[in-house]
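So you can see what is in the structure, the chains are spelled out below.
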Amino acid sequence: MKVKVVINGITFCEEISPNTTLLEFIKEKAGLTGTKTGCENGECGACTVIMNGKPVRSCIILAAEAHGAIITTVEGLAEKDKLHPLQQSFIRKGAVQCGFCTPGMLMAAKALYDRNPAPSQKDIEEALSGHLCRCTGYKPIKEAIEDAFNSHYN
Amino acid sequence: MGFSIVGKNVERVDAYEKVTGKAIFVGDIKLPGMLYAKVLRSPNAHAIIKNIDFAGALKSEGVVAVVTGKDFNHRFGIAVADQTPLAVHKVRFAGEPVAAVIAVTEKAAAKALKLIKIDYEKLPCVLYPQNAVQKDAPVIHEKFYQYKLAPWVSPGGKNVYQHFKVRRGDVDKAFNEADIIVENTYWSPYIHHVQLEPHGAIAQYNHDGSMVIYTSSQAPFVVQHCLSELHDIPLNRVRVIVPYVGGGFGGKSDVTIEPLVSCIARAVPGRPVKLLLTREEMFEGTVVGRGVYSHYKTAVSKDGKILGMEIKCYLGSGGYADYAVNIVSGIAMSATGPYEVPNLKIDCYGVYTNTPPTGALRGYGHPEAHFGAERQIDMIARKLNMDPAEFRMKNLLVKGRKNAIGQIMTEHSGRVDVCVKSVTEELFGKPKPEVKGNITIGRGIAAYMKMPVMPTNVQSGAIIKLNGDGTVTMSVGAIEMGQGSYTALSQIAAEALGIPMEKVHINTEVDTAYSPYEWQTVASHTTWGVGNAIIIASKDLKAKLREAAAKVLKVDVDKIVLDGEKIYSRDNKEKMLLWSDLALGYTSPKGTAVTSPIIGEGYFVARGLEKPDPETGQGNVAADWTFGCVGVELGVNKDTGEIRVYRLINAIDAGKIINPKLAHDQVMGAMVQALGSSLSEVLVFSDEGKIRNNDLVDYKIPGLEDVPEQVKVIFVETPEETGPFGARGLGEHGAVAVSPAVANAIYDALKVDFVDIPITADKVIKAIKGVD
Ligand code: FES
Ligand code: FES
């Protein structure tokens, strides 16, 4: 079957087998490796991308379901030579250790960032719920997200 | 000493690549002509392989080859050569690789896997070490004594491949003279590292007998050595490349899937073969951690002096022991906890079990030892009617006291007493939180110590190349797996060279063909070992700069002054050179070359260490000990059994802290990981030895919601004599004493003593019902 998806502003029109996941499509068809595979089962959040404005776990979505969708991956976060405020705050606040959960965390935070300019603690916690990180103990990630909101909107 | 870069919170050098998706992990690599492998694993924990029929799989679409143990039956293992990459004749744990399919796509390989038929004859299995040593237990390795064993391996007894002893003083006398004797058994279950990045490797074997492997490993040089021996290839023809590693925690140390992938690749010479494990395979197909059953008996005088200890520990090592031999000594040498114990009898046994191999896991024997040691301390204090902190204070390993292996503490060894005092003040100095509902609050502490368990001649290297513009490019053999080493090491280089951080670049890929030798990135020894190598390399580079400058300026070398990036003679400051003038060799205005390009190199080797005495365990074995103390405040909901940790405190004496923010986050990350093993994490086996919770829902690691409101890390900075700028290791230490501190706090809340972890809501409810 043929599937058309716009990823980070580029249109991909590809022939795929029906059981191809969106994650596989992103990595193999679009050649973007920033999105990470941690479980392929919807349990870790590493593969999170933004699809039509919402964060989704690309490992449990079929590429066919994404036909016609607009997708943003971690590679689409920065603008030319300027990092997104979230990327900047992740660096500043040390929210990155091994970096394997980072793309998924960033995309979950970005989806929140785009729809809610003043999220509460609870909103942030909800956005990150089910996103696993084995390295940081989470606090730096949460702080980085709070910081990105504060520095951007204040 | 005043520092300009060491001790500062500089930003991580690897963060940019990681927030933009540019950081490359093994899974991201695609090589020309690459094939894919999938592995068929044994469903049985202990069985004879009667027959393998893979004719159907071979005919399946896209399949290139099928590999079984018959194709390659050499054994590997550094201490105990007990394992083959694919099972031969017998399987010893559920999850052991039995066959592999190589195909043009991963999906084709997976499909063909289902067409392989294997007949097994099941054997009785034994899963826990305390059972595996019993007379009636099945023998797991019948031909153990035919394996190649390292000289320090000392087997003995049913399924026991290693028996490590510590002997000191007269234990019988200590128990005769004791006023109080406390005796208990403890259990730290099998758990998993759950690195977010699954293991993966790509291997290519060539017709000329050379091999290249990309792998997610903490130990490229161990892998190189192992594959060289396994395939009988000279070291310079085995190339191991490690890109970024998405979390290790010990589970990617030594060798894990590399022998398997290398042996699969032999079936298709000239073509790279990629194997990426699924999350399910991670649990049964790599290594697990802990699995320690221990028995503690402690003799104490009524004024609170520990007189003696008799300790027996059994480490369940899984079907293959090689990864665990040295964990046995790690447990034994730290089994007393951070206390002086004049009379000691410690016996630690490494035991084969029909479970996945047990390997290193953040703490390497120390957390499992401390769970018993530090629970024991609280129970004794209670019997003495003494405050647990006060009882600890009386016995701590402070200056002048001798540890279990006979090392005498000096003023450089670190201040465990200060750590205990800081945590006690912080924990008890604040009012208890106000809570609603049927919740009772508990507080507890546990002190700890950890040494790097490593070879006595452990080596680390650094190469610092001076570029034409005066910047430097540094290569080390240590891996960046999230711990922040590349940032700390860059700081050490900038400090030692006297140049700004921006001028230092560290190569983020380790390649055994180009990187300097490094034992492996484990034991929290990177800052210490590689940091020292960097200081030596920096001195080498500066000495070469001085020599070159002396030639150019035509003065004696000892007249040369290095002033940051400026170089001049003491007698003539006007005639100044820059590093960039000398970097690629100085050429005179006439065009004649005067000096050569400059590269600094340094190898650091630990000095003065020795192997423990085989009968007494005594010796100058540990390069250093990092001491600390953990404090926990928690609430137990008596209706639901749910435990909520409010405060988690850790005071650690890791010597000079190179980067406080990174160090803080390392300790915090380790504590949160250990909170998981204290409260929720356990591999649940069926009676048949199959892991039942091999996914991230049923194997529950901490999420954001489980993190305590307050996590506080206190650094006590007693400079380490042998460390770079006084630094000691700290990567694992946050994990060492969390479980006993949690259990001690739960006793405080509930008056129930838990002697096994994890302490789940279920267990709490059962205990409450039993008590009421
Ligand atoms: S890889 Fe998709 S949720 Fe884990
Ligand atoms: S930084 Fe390693 S898993 Fe989050």
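Just so you know, these numbers come straight off a predicted model, no measurement behind them. (Residues numbered from 1 in each chain as written. Chains lettered and ligands numbered in written order. Predicted model: local features only at pLDDT ≥ 70, side-chain atom pairs only at ≥ 80, totals over all residues. Heavy atoms only, no water.)

Asks: Looking at this model, I keep getting lost on the sheet that holds strand β6 (residues 117-122) of chain B. Mind explaining?
Replies: Whether parallel or antiparallel, the strands of a sheet pair through hydrogen bonds between backbone atoms. Ordered by their spatial adjacency, three strands build an open sheet running β4-β2-β6 (chain B), and the pairing between neighbours is antiparallel. Edge positions in the sheet fall to β4 (90-91) and β6 of chain B, since each has one partner strand and no second. (Pairing = 2+ DSSP bridges. Helix = DSSP H or I, 4+ residues; strand = E, 2+ residues; numbered from the N terminus.)

Asks: I keep staring at helix α3 (residues 102-115) of chain A and nothing clicks. Help me out?
Replies: Residue pairs spaced three or four apart in an α-helix point in one direction, given the helix's 3.6 residues per turn. Residues and elements named next belong to chain A. An ideal rise of 1.5 Å per residue puts 20 Å on 14 residues; α3 measures up with 20 Å between its terminal C-alpha atoms. Within α3, twelve of the 14 residues are buried, leaving the element largely enclosed by the surrounding structure. Every buried residue belonging to α3 is among T102, P103, G104, M105, L106, M107, A108, A109, K110, A111, L112 and Y113, and all of these are buried. (Expected span 1.5 Å × (residues − 1). Buried < 20%, exposed > 50% of the residue type's maximum accessible area, 1.4 Å probe, protein only.)

Asks: Just to check I follow, could you spell out the interface of chain B and chain A for this structure?
Replies: Where interface size is given, it is often the accessible area lost as the parts come together that is meant. With 50 residues of chain B at the interface, the matching set in chain A holds 45 residues. Contact with chain A buries surface across chain B, with B:V19, B:L196 and B:L704 losing the most and accounting together for 21% of the total. Across the contact surface, chain B and chain A share three salt bridges. Between B:K107 and A:E24 there is a salt bridge, and its shortest N-O distance comes to 3.1 Å. Viewed at the interface, chain A and chain B are joined by 19 residue pairs in polar contact (both at pLDDT 80 or more). When residues of the side of chain B that touches chain A are traced back to their parent elements, those giving at least two are α1 (15-19), α8 (279-285), α16 (660-679) and β27 (710-715) of chain B. Residues belonging to the side of chain B that touches chain A are distributed by class as follows: 22 nonpolar, 13 polar and 15 charged. (Contact = heavy atoms within 4.5 Å. Buried area = accessible area lost by both parts, 1.4 Å probe. Salt bridge = Lys/Arg side-chain N within 4 Å of Asp/Glu carboxyl O. Polar contact = N/O pair within 3.5 Å; in protein donor to acceptor, adjacent residues only side chain to side chain. Nonpolar A, V, L, I, M, F, W, Y, C, P; charged D, E, K, R; others polar.)

Asks: Would you take a moment to explain the pattern of salt bridges for this structure?
Replies: Pairing between side chains of opposite charge can happen when the charged atoms of each approach one another. All names here are of chain B. Scanning all chains against the criterion turns up 45 salt bridges over all chains. Between R239 and D511 there is a salt bridge, with its nearest N and O atoms 2.6 Å apart. Of this pair, R239 sits in strand β11 (residues 238-242) while D511 sits in strand β20 (residues 510-511), and the two are 272 residues apart along the sequence. For D706, the salt bridge is made with K700, and the minimal N-O distance between the two is 3.0 Å.

Asks: Would you explain the pairing of strand β8 (residues 180-191) of chain B in this entry?
Replies: Along any regular strand the residues' side chains alternate between the sheet's two faces. Residue and element names in this part refer to chain B. In terms of residue burial, β8 counts as a mostly covered element, since nine of its twelve residues are buried. Where β8 lies against strand β13 (residues 289-300), eleven bridges are found, and the strand directions are antiparallel. Note that in β13 the partner of Y186 across the bridge is S294.

Asks: Please clarify how the environment of B:Y16 should be interpreted in this entry.
Replies: The residue B:Y16 is located in helix α1 in this model. Those residues in contact with B:Y16, other than ones at most four positions away along the chain, are A:L83 and A:I91.

Asks: Sorry, what's going on with helix α3 (residues 106-113) of chain B here?
Replies: All names here are of chain B. A108, A109, A112 and L113 are the residues of α3 that are buried. End-on view of α3: buried residues confined to an arc of 140 degrees, all on one side of the axis. Buried residues belonging to α3 abut β1 (35-41), α2 (55-59), β3 (63-68) and β5 (97-103). (Arc of directions from axis to C-beta.)

Asks: Can you help me understand the packing of aromatic side chains in this one?
Replies: Working definition: an aromatic ring pair is given by the centre-to-centre distance plus the angle between the planes. Residue and element names in this part refer to chain B. Counted under the stated rule, the structure contains 20 aromatic pairs over all chains. Arranged with centres 6.2 Å apart and planes meeting at 75 degrees, the rings of F93 and Y320 form a pair that is edge-to-face. Within this pair, whereas F93 is found in the loop between β4 and β5, its partner Y320 is found in the loop between β14 (306-316) and α9 (325-334), the two being separated by 227 residues in sequence. Here the two residues F93 and Y320 agree in accessibility, since each one is buried. On the numbers, 6.0 Å between centres and 75 degrees between planes, the contact of F144 with Y352 is edge-to-face. Note that F144 is positioned in the loop between α4 (129-132) and β7 (160-168) and Y352 in the loop between β15 (343-351) and α10 (366-384), a separation of 208 residues in sequence. F144 sits in the buried class, given a relative accessible area of 6%. Residue class for Y352 comes out buried when judged on its relative accessible area of 2%. Of the aromatic side chains, those joined through ring pairs into one cluster are F144, Y145, Y147, Y161 and Y352. (Phe/Tyr/Trp six-rings, centres within 6.5 Å; stacked < 30°, edge-to-face > 60°.)

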